Amino acid sequence: MYRLMMGLLGMITLRKHVLPSVLAVVLLSTSACTSETAAGTPTGSASSKPAKSASAAPSRPAVPPLDPVSPVDARTVLAAFKSRGMVDHLKALQQVADANGGNRASGTSGYEESARYIEEQLRAAGYSPVRQTFSFKGEGRGKPKVESFNILADTEGSAERTVVVGAHLDSVKDGPGIDDNGSGVAAVLETARWMKESGITPANRVRFAFWGGEEDGLYGSQHYVDSLSTEERSQTPAYLNVDMVASPNGVRSVHDGDGTDFGHAGPAGSKGIEDIFFRFFKENSLPAETTPFDGGSDYDAFLTAGIPGGGLFTGDEKKKTQAQVQAYGGEAGKHLDPCYHEACDTIANTNPDLLKDMSGALAYATAAYAMAKPA
């Protein structure tokens, strides 16, 4: 995960209406004593200032939003993802890093081998992945350009409504990046495989995307959005982002699409993405909370272009509060991911149970947008 403002906007506020009622009371009383997590106004209460856009970009034509209604039962989806192969993908990416200098950074052999693995998995599932190439300037004076690429794979469905579901494939140079962001890659890849196996025939095209250059500056997703024509942007009603969803001391969080908790709203339609994720967690009686759009991941280019966005996140360098321990377990005062951007971000640095929950949520939301009708 690329962090533009380390720690300034990464606080998480509890989304109390999705918690069991007794636990919600405990969290309400606890949160009053933990001001470091009170970075936004709880949903349903009056905000001291109106929600503002997540980006300072100039206004753009509104993208017609969709009304997501999932064709599958949330509990059935979660049960299915309890036994799917996300951890197998993490093991494969760990092996790639081990064989390539300990990382999978863009422009390296580790990234290329990671990409080949993803492409093989997609082809085996019945997709036809393509590479979208781009380059960016390397770090430091006199550094050559880095050549990289995104991987894109489409379902059937109307291209006039293309829902993009993405995760960055690259790691930092200092480690294998298994939580950040092998976990997101595993969730997107298994969602793509599940879509084929479930027999869902999308009304709207779903484009599964695996971004390069995220850790260097969000280059892959920015290149993708920049490459869209005005018409193609207007035909992209939603972007679902997955960046770190297996943090070992993590939480279940959803981006604050309407800005009611943190004051940074996505474009119109982003609330629908937030709501469909929370619906999954509520129907499965799983605690969840909101996290802000802070510009630190691949959703940024989409929001700036006026495309509704949202996504899932389980935490990075922030420390778990006592209130969060009440909701999720784990250790208070410890980092949500103690190996964020470090060499120790290996498969041992992941929470497989949390990964299953978040992958199920992604699949549920993806199916809902694949079958959604214009709002």
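Use the structure listed above.
Sequence order as written defines residue numbering, which begins from 1 separately in each chain. For this predicted model, a pLDDT threshold of at least 70 governs which residues receive local features, and a threshold of 80 or more governs which side-chain atom pairs are given and counted, while totals over whole chains, interfaces and linings are taken from all residues. Computation of side-chain values covers all heavy atoms of the structure but excludes hydrogens and water.

K.L.:
Requested: an account of helix H7 (residues 219–227), with residues and values cited.
P.N.:
Each residue is placed in one exposure class: buried if its accessible area under a 1.4 Å probe, protein chains only, is under 20% of its type's maximum, exposed if it is over 50%, and partly exposed if it falls in between. The numbering of helices and of strands both runs from the N terminus, where a helix is a DSSP run of H or I of at least 4 residues and a strand a run of E of at least 2. All of the buried residues in H7 are Gly220, Ser221, Tyr224 and Val225. Around the axis of H7, the buried residues are gathered within 130° of arc, so they sit on the same side. By definition, the arc is the one covered by directions from the helix axis to the C-beta atoms.

K.L.:
With reference to specific residues and values, describe unusual backbone geometry.
P.N.:
Of the consecutive residues aspartate 180 and asparagine 181, the connecting peptide bond is found in the cis state with omega at 10°. Inspection of the secondary structure assignment puts asparagine 181 in helix H5 (residues 178–198). For methionine 244, which is not glycine, the phi dihedral falls at a positive 75°. Along the polypeptide, methionine 244 turns up in the loop between strand S8 (238–242) and strand S9 (253–255). Located in the positive-phi region is histidine 341, a residue other than glycine, with phi close to 60°. Tracing the chain through its elements places histidine 341 in the loop between helix H11 (322–328) and helix H12 (352–370).

K.L.:
How would you summarise the state of the cysteines if you had to cite specific residues and measurements?
P.N.:
Two cysteines form a disulfide when their sulfur atoms are joined by a covalent bond. Any cysteine sulfur atom paired with another within 2.5 Å is treated as part of a disulfide. A complete count under the given rule lists one disulfide for this structure. Through a disulfide, cysteine 339 is tied to cysteine 344; the S-S separation comes to 2.1 Å. Its S-S torsion of approximately -115° makes the covalent link between cysteine 339 and cysteine 344 left-handed. Cysteine 339 sits in the buried class, given a relative accessible area of 10%. Cysteine 344 sits in the partly exposed class, given a relative accessible area of 36%.

K.L.:
Lay out the packing of aromatic side chains with the relevant residues and their values.
P.N.:
When two rings of Phe, Tyr or Trp (its six-membered ring) have centres within 6.5 Å they constitute a pair, described as stacked for plane angles under 30 degrees, edge-to-face for angles over 60, and tilted for the intermediate range. On inspection of all chains with the given rule, the structure shows 13 aromatic pairs. Comment: the charge-over-ring label is applied if NZ (Lys) or CZ (Arg) is within 6 Å of the ring centre and within 35 degrees of the ring normal. Sitting over the face of the ring of tyrosine 127, lysine 196 holds its NZ or CZ atom 4.7 Å from the ring centroid.

K.L.:
Report on helix H4 (residues 109–124), specifying residues and quantitative values.
P.N.:
End to end, H4 covers 23 Å across 16 residues, agreeing with the expected 22 Å (1.5 Å per residue, within 8%). Residues Gly110, Tyr111, Ser114, Ala115, Tyr117, Ile118, Glu119, Gln121 and Leu122 constitute the buried set of H4. A positive backbone phi angle near 105° is found at glycine 126, which sits one or two residues after H4. Here a helix's expected span is defined as the number of its residues, less one, multiplied by 1.5 Å.

K.L.:
I'd love a proper account of the side chain of glutamine 94, names of residues and values included.
P.N.:
Topologically, glutamine 94 is positioned in helix H3 (residues 86–98). Every residue pair with non-hydrogen atoms within 4.5 Å of one another is taken to be in contact. What glutamine 94 contacts, discounting residues up to four positions off in sequence, is Pro176, Ile178, Thr346 and Ile347.

K.L.:
Which residues make up the side chain of threonine 290, and what are the values?
P.N.:
The residue threonine 290 is located in strand S11 (residues 289–291) in this model. The class for threonine 290 is buried, based on a relative accessible area of 0%. Throughout this description, a polar contact denotes any pair of N or O atoms lying within 3.5 Å of each other; where both atoms belong to protein, one of them has to be capable of donating a hydrogen while the other can accept it, and for residues adjacent in sequence the pair is counted only when both atoms sit in side chains. Among the polar contacts made by the side chain of threonine 290, one reaches the side chain of aspartate 261 at a distance of 2.7 Å.

K.L.:
Give a detailed account of the pattern of salt bridges, specifying residues and quantitative values.
P.N.:
Salt bridges are identified by distance alone: a Lys or Arg side-chain nitrogen within 4 Å of an Asp or Glu carboxyl oxygen. Inspection of the entire model under this criterion finds 13 salt bridges. Between arginine 84 and glutamate 197 there is a salt bridge, with the nearest N and O atoms lying 3.0 Å from each other. Of this pair, arginine 84 sits in the loop between helix H2 (74–81) and H3 while glutamate 197 is found in helix H5, placing the two residues 113 residues apart along the sequence. What makes arginine 84 buried here is its relative accessible area of 18%. Connected through salt bridges with shared partners, the residues Arg84, Glu190, Arg193 and Glu197 form a single ionic network.

K.L.:
Kindly report on the packing of H2 against H12, identifying the contributing residues and their values.
P.N.:
Axis lines are fitted to C-alpha atoms, over the contacting stretch for helices. Their N-to-C directions set the angle, which ranges from 0 to 180 degrees. Put simply, H2 and H12 touch, their axes get as near as 8 Å, and they point 130° apart. Judged by the inter-axis angle, H2 sits oblique to H12. Remark: the crossing between H2 and H12 carries right-handed chirality. In contact with Ala74, Val77, Leu78 and Phe81 of H2, H12 contributes Lys356, Asp357, Ser359, Gly360, Ala363 and Tyr364. The nonpolar class holds Ala, Val, Leu, Ile, Met, Phe, Trp, Tyr, Cys and Pro. Asp, Glu, Lys and Arg form the charged class, and all remaining residues, Gly among them, are polar. Of the residues assigned to the contact of H2 with H12, the class counts are six nonpolar, two polar and two charged. By the definition adopted for this analysis, an angle is roughly parallel if under 35 degrees, roughly antiparallel if over 145, roughly perpendicular if from 65 to 115, and oblique otherwise. Crossing handedness: left-handed means the near helix sits turned counterclockwise from the far one by under a right angle, and right-handed means the same turn made clockwise.

K.L.:
Account for the environment of arginine 104, with residues named and values stated.
P.N.:
Secondary-structure assignment places arginine 104 in the loop between H3 and H4. On the basis of relative accessibility, which here comes to 0%, the residue arginine 104 falls in the buried class. Linking arginine 104 and alanine 115, residues 11 residues apart in sequence, is a C-alpha distance of 9.6 Å. Among the polar contacts made by the side chain of arginine 104, one reaches the main-chain carbonyl oxygen of leucine 169 at a distance of 2.6 Å.

K.L.:
For the environment of serine 183, give the residues involved together with the corresponding values.
P.N.:
One can find serine 183 in helix H5. For serine 183, a relative accessible area of 0% corresponds to the buried category. Along the backbone, serine 183 and leucine 93 are 90 residues apart, and their C-alpha atoms lie at a distance of 9.8 Å. Not counting residues up to four positions away in its chain, the partners in contact with serine 183 are Leu90, Ile178, Met244, Val245, Ala246 and Leu355.

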